[in-house]
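Examining the three-dimensional arrangement
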Amino acid sequence: SLNADYRSVYNDYYKSRKGGIGNTLSGAAAVQDNRISAELYLLIATLVNEDCFEEVRDELTVGDFLDNRARELFIVMEECFRKGVFKVDVIQEQLEDVKLREIIMQKIFSDEFRLNPEKIVRDSINNVKMNNLLMKRQKVERALRKAAAEDASQLEELIADKAYYDKEIEKLKGMIN
């Protein structure tokens, strides 16, 4: 044994696959390539801190995940949880998206989820909820503009829907960070 740190070896391997020091990607392109959705961030944080998955299951459903990669990961995580085999390697094997597997491994070995994992998961759940509420509110606002111009009979219901989303968004704003 060379007494090499596993993460160090993995990071060297990952850099060599990306082109290493001579990488031709510009800085902006490299940053863009590493961006992930709030949904995927939450689920990877949960993979690293398995004890938090029950909270995610209690707060969110598969319908809350708009990002296709996050949805795939959530479904696989849920299946593994139900089977009692909630382990990163087992979950990785079940994923069809090769890029998703790479993203997960890169994030897991970055250690960004190790400090205060409960807060990361809680804030991430609230961010996912906030994003969903904002999207729903925008949809209602579009419908309100259309109804005001065409069909006033829907206005009352749409206004009630918008008021509900506004109230929920305000509640979540107090919980985030």
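So, here is what we can say about the structure in this document. (Residues numbered from 1 in each chain as written. Predicted model: local features only at pLDDT ≥ 70, side-chain atom pairs only at ≥ 80, totals over all residues. Heavy atoms only, no water.)

**Observations regarding the side chain of Asn126**
- The residue Asn126 is located in helix α8 (residues 117-150) in this model.
- Leave out the neighbours within four places in its chain, and Asn126 touches Leu172, Met175 and Ile176. (Helix = DSSP H or I, 4+ residues; strand = E, 2+ residues; numbered from the N terminus. Contact = heavy atoms within 4.5 Å.)

**A short note on the nonpolar core**
- Leu43, Ile44, Val56, Leu73, Met77, Ile91 and Ile104 are the most contacted members of the largest nonpolar core, which has 30 residues in total.
- Listed by contribution, the elements that provide at least two residues to this core are α3 (38-48), α4 (53-59), α5 (68-83), α7 (98-108) and α8.
- Looking at which element gives the most residues to this core, the answer is α3, with seven residues.
- Excluding residues within four positions of it along the chain, Leu73 makes contact with Leu40, Leu43, Ile44, Leu47, Ile91, Leu95, Leu100 and Ile104.
- Counting residues in hydrophobic clusters, the runner-up holds ten residues, among them Ala147, Ile169, Leu172 and Ile176. (Core = buried A, V, L, I, M, F, W, Y, C linked by side-chain atoms within 4.5 Å. Buried < 20%, exposed > 50% of the residue type's maximum accessible area, 1.4 Å probe, protein only.)

**Comments concerning the pattern of salt bridges**
- The full count for this structure, using the stated rule, is 15 salt bridges.
- Notably, a salt bridge pairs Glu78 with Arg57, separated by 2.7 Å at the nearest N-O pair. Of this pair, Glu78 sits in helix α5 while Arg57 sits in helix α4; the two residues are 21 residues apart in sequence, bridging distant segments of the chain.
- For Arg57, a relative accessible area of 29% gives the class partly exposed.
- Arg69 is the salt-bridge partner of Asp97, the closest N and O atoms lying 2.7 Å from each other. Of this pair, Asp97 sits in the loop between α6 (88-94) and α7 while Arg69 sits in helix α5; the two residues are 28 residues apart in sequence, bridging distant segments of the chain.
- One salt-bridge network, held together by shared partners, links Glu55, Glu59, Arg122 and Lys129. (Salt bridge = Lys/Arg side-chain N within 4 Å of Asp/Glu carboxyl O.)

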